[in-house]
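Breakdown of the fold
What follows is the residue order along each chain.
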Amino acid sequence: MPSFHHGEVEISYLDEGEGDPVVLVHGFASSKNVNWVYPTWVSELRKSGFRVIALDNRGHGDSTKLYDPEDYHIGTMASDVTALMDHLGVARADIMGYSLGARMTGILADTRPERVRSGIFGGLGVGLIEGGGPGESVARALEAASLDDVTDPFGRTFRAFADQTRSDRRALAACLRGSRRLMTEAEAASISVPTLIAVGSKDEIAGSAQALARIIPGAEVLDIPNRDHMRAVGDKVYKDGVLKFLSRRP
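Here the structure is a predicted model, which means the values were calculated and not measured. (Residues numbered from 1 in each chain as written. Predicted model: local features only at pLDDT ≥ 70, side-chain atom pairs only at ≥ 80, totals over all residues. Heavy atoms only, no water.)

**A few points about the environment of S3**
- By the element assignment, S3 lies in strand β1 (residues 3–6).
- Remark: the alpha-carbon pair of S3 and T76, spanning 73 residues in sequence, is separated by 18 Å.
- With near-sequence residues (within four places) excluded, S3 lies in contact with E10, I11, S12 and Y13.
- Among the polar contacts listed, one links the side chain of S3 to the side chain of E10, at a separation of 2.6 Å. (Helix = DSSP H or I, 4+ residues; strand = E, 2+ residues; numbered from the N terminus. Contact = heavy atoms within 4.5 Å. Polar contact = N/O pair within 3.5 Å; in protein donor to acceptor, adjacent residues only side chain to side chain.)

This is how it looks when you write it as structure tokens:
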């Protein structure tokens, strides 16, 4: 798998297909393979005529593992995405993030709109500005000696997922503590790129998609029926809705 350096951090990525570029940004404790390749996002987007680019976020997958929370400021993580685009000569792309990746997408849509043709927020609603997502209890769960020592429900969910993906749990704990900056309502309201917010109807982590859509001008909502935060990623409704959105955005 190819990689490039953004400063001292080596970022692993994939770049497949031809057509309009779509950049995929995975969620916390996941990777480009777990979030996008295995659930067939990459193949589906390629079949629909897109160039598909996906990275392993710093601290995840095959990218460099870092252990200082300061290395995971959400703006720094978002800048890895534009650095990859620069490396590949991509001036502008549709960007789809899931969960933590959606936070990064939000930062880019707000601060670098010239690079974002459209923004797709998967697994993240009003939690973008009001909390949402894993907190300190999850960081402690990642640092626990074993899953049996974790009693917090969200902590157990994310610890089990990190174990399943064979992640570097110490790097993930640092990432969680460093990337928790929320957007303000004013920042979200200033997003002007075409936006789709896709959240599972049983997602207890993302926050309301409808509430966020009321803040971001012109944002569309895609409800993913009967899916929670972990199971919405590969859902057919999600894929079909994203492809329809991409087919009609300017």
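**Focus on the environment of T151**
- Tracing the backbone shows T151 in the loop between α6 (136–143) and α7 (153–164).
- The exposure class assigned to T151 is exposed, which follows from its relative accessible area of 73%.
- As a C-alpha pair, T151 and S99 span 52 residues in sequence and 23 Å in three-dimensional space. (Buried < 20%, exposed > 50% of the residue type's maximum accessible area, 1.4 Å probe, protein only.)

**Details of α7**
- Between the first and last C-alpha of α7 there are 17 Å, a value that for twelve residues agrees with the 16 Å anticipated at 1.5 Å per step.
- Regarding α7, the residues found buried are G155, F158, R159, F161 and A162. In a view along the axis of α7, the buried residues occupy a sector of 160°, so they form one face of it. Turned more than 90 degrees away from the buried face of α7, the exposed residues are P153 and Q164.
- Looking at the buried residues of α7, the elements they touch are α1 (32–37), α6 and α8 (169–178).
- Taken from the residues just after α7, R166 is the one with a positive phi, measuring 55°. (Expected span 1.5 Å × (residues − 1). Arc of directions from axis to C-beta.)

**Side note on the packing of aromatic side chains**
- On inspection of all chains with the given rule, the structure shows five aromatic pairs.
- Taken together, a centroid distance of 6.1 Å and an interplanar angle of 70° make the contact between F4 and Y13 edge-to-face.
- F4 gets classed as buried once you look at its relative accessible area, which sits at 6%.
- With a centroid separation of 6.3 Å and 50° between ring planes, the pair formed by Y98 and Y238 is classed as tilted. Here Y98, found in strand β5 (residues 93–98), pairs with Y238, found in helix α11 (residues 236–248); they are 140 residues apart in sequence, far enough to count as distant. Side by side, Y98 and Y238 carry an identical accessibility label, which is buried.
- A cation sits over an aromatic face here: R170 above Y67, 3.8 Å from the ring centre. (Phe/Tyr/Trp six-rings, centres within 6.5 Å; stacked < 30°, edge-to-face > 60°. Lys NZ or Arg CZ within 6 Å of the ring centre and 35° of its normal.)

**Description of the sheet that holds strand β7 (residues 195–200)**
- On the basis of which strands lie adjacent, the open sheet formed by eight strands has the order β1-β2-β4-β3-β5-β6-β7-β8 and mixed pairing. Each end of this open sheet is capped by a strand with a single partner; those strands are β1 and β8 (220–224). Sheet twist, expressed as the average angle between the axes of neighbouring strands with direction ignored, equals 25°.
- Relative to β7, strand β6 (residues 116–122) is paired through four bridges, and the arrangement is parallel. The partner of G119 across the bridge, within β7, is T195.
- Strands in contact with helix α3 (residues 74–88) are β1, β2 (9–16), β3 (20–25), β4 (50–55) and β5; relative to β1, the strand with the most contacts, it is inclined by about 120°.
- Lying over the sheet, α11 contacts β3, β4, β5, β6, β7 and β8, oriented at roughly 160° with respect to β8. (Pairing = 2+ DSSP bridges. Axes fitted to C-alpha atoms, helices over the stretch in contact; angles between N-to-C directions.)

**Things to note about the nonpolar core**
- Ranked by internal contacts, the top residues of the largest apolar core, which has 62 residues, are V23, F28, V81, I95, M104, F121 and I197.
- Look past the residues within four positions of I197 in its chain and what remains in contact with it is F121, L124, G125, A209, L212, A213, A219, E220, V221 and L222. (Core = buried A, V, L, I, M, F, W, Y, C linked by side-chain atoms within 4.5 Å.)

Spatial relationships are all this shows, so hold off on functional conclusions.
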